[in-house]
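Given next are the chains, with one letter for each unit.
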Amino acid sequence: MSTKTYNMRSAGQAQIPVLGLGTWQSTGADCVEVVSKALQMGYEHIDTAQAYGNEKEVGQGIKQSGVGRDKFFLTTKIFPDDLKFQPEKLLAAAKSSLENLDTDYLDLLLLHWPDDRVPLSETIPMLCELQKQGLTRNIGVSNFNIAHLLEAQKYADVPIVVNQVEFHPFIKQHTLQTFLANHHILLEAYSPLARGDVFDNEVIKSIADTHNVTPAQISLAWILSDKHRVAIPKTANPEHLQGNLDAIKVQLSADELQQIDSLARSDGRKIEHPDYTPEWDD
Ligand SMILES: NC(=O)c1ccc[n+]([C@@H]2O[C@H](COP(=O)([O-])OP(=O)(O)OC[C@H]3O[C@@H](n4cnc5c(N)ncnc54)[C@H](OP(=O)(O)O)[C@@H]3O)[C@@H](O)[C@H]2O)c1
């Protein structure tokens, strides 16, 4: 695929390729293979996390691909609850990610979940410091509600460029989206295929048939139709890689976008933290 069709979304200094490869539950040799193949076929964005236990395999996949480090955008995440009451451990945690991924820098480092036991007044300044020291080019957060974001912004002296949250046709996030757009923070859509639920939805299937594409591509095209959003579909199956990437080219009509908008439900969330539930905005 030509990189010329690979659109970017900007926030702060960050230029983020609109579609990345998610790697949660990609493990072992399959993870190495899929990361390598993805980069070779033109993916320019890879998402991992310390909690996925696969940073080393992602790093091996990057190496195996032969693709230069400057050709793609690499994100990892650190769980604040690993830090418990010692946020200075963030520096050591970030260094271990760099070592696992076998890279000199991250493009984006996220706090994986908010956690009331680890004050943002301590983690956010340290996250900013990691950017200033060059370990990461950008910083962001994940699973933050508006109250968390407002608090985080009080302590940040570099832009928070991303909030990575669950987002697909069956979840609302309307209030959060408006807030993020107004604050120049990109919504990075995780579980953008609703972990497979989009494949069986009649509205999405019918629109997919009209365009002669897959329901996965329709869900991704709908997410990317808004310039404040990027998406990171996961696949460990190399056969799904190209189709997901080609979703970038699918254009939906205003009526089709509206039909998918109307699928949002207040009980559509699929992911919860096992022992900490933020108060979601909608
Ligand atoms: N920040 C957070 O707290 C958080 C939470 C959840 C996820 N994430 C990130 O977001 C990424 C994506 O979310 P997710 O993994 O929850 O779910 P997802 O991307 O919505 O769905 C992944 C599922 O869809 C299947 N799939 C993917 N492409 C397909 C295709 N073209 N045709 C048929 N099946 C397809 C995958 O199976 P195959 O592998 O067999 O293709 C997998 O079962 C994660 O991998 C992770 O990087 C972040």
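The structure we're discussing is the one just above.
Report on the accompanying structure. (Residues numbered from 1 in each chain as written. Predicted model: local features only at pLDDT ≥ 70, side-chain atom pairs only at ≥ 80, totals over all residues.)

### Here's the deal with the overall build of the protein chain
For clarity, the cut-off: Put simply, DSSP marks the helices as runs of H or I at least four residues long and the strands as runs of E at least two long, and each gets a number from the N terminus on. In this treatment the radius of gyration is a C-alpha quantity, and the globule benchmark scales as 2.2 Å times the residue count to the 0.38 power. The contact rule is simple: place each C-beta atom from the backbone, and if two of them lie within 7 Å, those residues are in contact.
Check the secondary structure of the protein chain and you find 11 helices and 10 strands. For 282 residues, the compact-globule estimate of 2.2 N^0.38 gives 19 Å, and the protein chain sits close to it at 18 Å. With respect to the principal axes defined by its C-alpha atoms, the protein chain has extents near 55 × 40 × 35 Å. Within the protein chain, counting contacts between residues at least 6 apart in sequence, those at least 24 apart form 77% of the total.

### Quick word on the sheet that holds strand E10 (residues 229-231)
What counts is decided by this rule: A strand pair is defined by DSSP finding two or more bridges across the two strands.
Pairing is parallel across the open sheet formed by eight strands, whose spatial order is E3-E4-E5-E6-E7-E8-E9-E10. Every interior strand has two partners, whereas the edge strands, strand E3 (21-22) and E10, have only one. Bridge analysis of strand E4 (residues 45-47) against strand E5 (residues 73-78) gives three bridges, and the strand direction is parallel. The residue bridging Asp-47 from the neighbouring strand is Thr-75, located in E5.

### A short note on the pairing of strand E2 (residues 14-17)
The sheet contact formed by strand E1 (residues 8-11) and E2 spans four bridges and is antiparallel. Within the sheet, the bridge partner assigned to Ser-10 lies in E2 and is Gln-15.

### Thoughts on helix H1 (residues 28-41)
Quick reminder of the rule: The span one expects for a helix is its residue count, reduced by one, times 1.5 Å. Using C-beta atoms placed from the backbone, we call a residue buried if 20 or more other C-beta atoms fall within 10 Å of its own, exposed if 12 or fewer do, and partly exposed for counts in between.
Here H1 is 14 residues long and its end C-alpha atoms lie 20 Å apart, about the 20 Å a rise of 1.5 Å per residue gives. Buried residues of H1: Cys-31, Val-32, Val-34, Val-35, Ser-36, Ala-38 and Leu-39, and no others. Here the buried face of H1 lies against E3, E4, helix H2 (55-65) and helix H10 (238-246). Once H1 ends, the next one or two residues include Gly-42, with phi positive near 120 degrees.

### A closer look at helix H6 (residues 146-155)
For an α-helix, 3.6 residues make a turn, and residues three or four places apart therefore share a direction. Our working rule: Within this analysis, the arc is defined by the directions that extend from the helix axis to the C-beta atoms.
Where H6 is concerned, the buried positions are His-148, Leu-149 and Ala-152. What you see down the axis of H6 is that its buried residues fit within an arc of 95 degrees, all on one side. Away from its buried face by more than 90 degrees, H6 exposes Ala-147, Leu-150 and Lys-154. Its buried side turned inward, H6 meets helix H5 (120-132), strand E7 (139-142), strand E8 (160-166) and helix H7 (174-182).

### Thoughts on the site of the ligand
The following threshold applies: A molecule or strand has a residue near it when that residue's C-beta atom, placed from backbone coordinates, lies within 6 Å of it. We call Asp, Glu, Lys and Arg charged. Ala, Val, Leu, Ile, Met, Phe, Trp, Tyr, Cys and Pro are nonpolar, and the rest, Gly among them, are polar.
Residues in contact with the ligand amount to 27 residues; listed here are only the nearest, Gly-22, Trp-24, Tyr-190, Leu-193 and Lys-234. Ranked by residue count, the leading element in the shell around the ligand is H10, at three residues. Per-class residue counts for the shell around the ligand are 10 nonpolar, 14 polar and three charged.

### Remarks on the environment of Cys-31
Among the secondary structure elements, Cys-31 is positioned in helix H1. What makes Cys-31 buried here is the crowd of 23 C-beta atoms within 10 Å. Sequence separation between Cys-31 and Val-230 is 199 residues; the distance between their C-alpha atoms is 22 Å. Apart from residues lying up to four places away in sequence, Cys-31 is in contact with Thr-23, Ser-26, Asn-54, Glu-57, Val-58, Gly-61 and Ala-236.

### Overview of the pairing of strand E9 (residues 186-190)
Let me state the cut-off plainly: Crossover handedness is defined here as right-handed if the route from the first strand over the helix to the second strand goes clockwise, with the strands pointing away from the viewer.
By the criterion of burial, E9 is predominantly enclosed, with five of the five residues buried. Residues Leu-186, Glu-188 and Tyr-190 of E9 are buried on one face, and the alternating residues Leu-187 and Ala-189, pointing to the opposite face, are buried as well. Alignment of E8 against E9, held across five bridges, turns out to be parallel. The residue bridging Gln-164 from the neighbouring strand is Glu-188, located in E9. Traced from E8 through H7 to E9, the parallel crossover comes out right-handed.

### Some words on the nonpolar core
In plain terms, the rule: Put simply, a nonpolar core is buried Ala, Val, Leu, Ile, Met, Phe, Trp, Tyr and Cys residues tied into one set by C-beta atoms within 7 Å.
Ranked by internal contacts, the top residues of the largest apolar core, which has 72 residues, are Leu-19, Val-35, Leu-109, Leu-186, Ala-189, Leu-220 and Ala-231. Among the elements that line this core, the one with the most residues is helix H9 (residues 215-224), at seven residues. In this structure, Ala-231 is in contact with Leu-19, Ala-189, Pro-192, Leu-220, Ile-223 and Leu-224, ignoring residues within four places of it in sequence.

### Remarks on the packing of H9 against H10
Note the threshold: Here, axes are lines fitted to C-alpha atoms. For helices the fit covers the stretch in contact, and angles between N-to-C directions go from 0 to 180 degrees. Working definition: roughly parallel below 35 degrees, roughly antiparallel above 145 degrees, roughly perpendicular at 65 to 115 degrees, and oblique for all remaining angles. Here a crossing is taken to be left-handed if its near helix is turned anticlockwise relative to the far helix by less than a right angle, and right-handed if that turn runs clockwise.
One can describe the packing of H9 onto H10 by two numbers: an axis separation of 8 Å at closest approach and a directional angle of 40 degrees. It follows from the interaxial angle that H9 and H10 lie oblique. H10 is crossed by H9, and the crossing has right-handed handedness. On H10, the residues touching Ala-216, Gln-217 and Leu-220 of H9 are Gly-243, Asn-244 and Asp-246. For the contact of H9 with H10, the residue count by class is two nonpolar, three polar and one charged.

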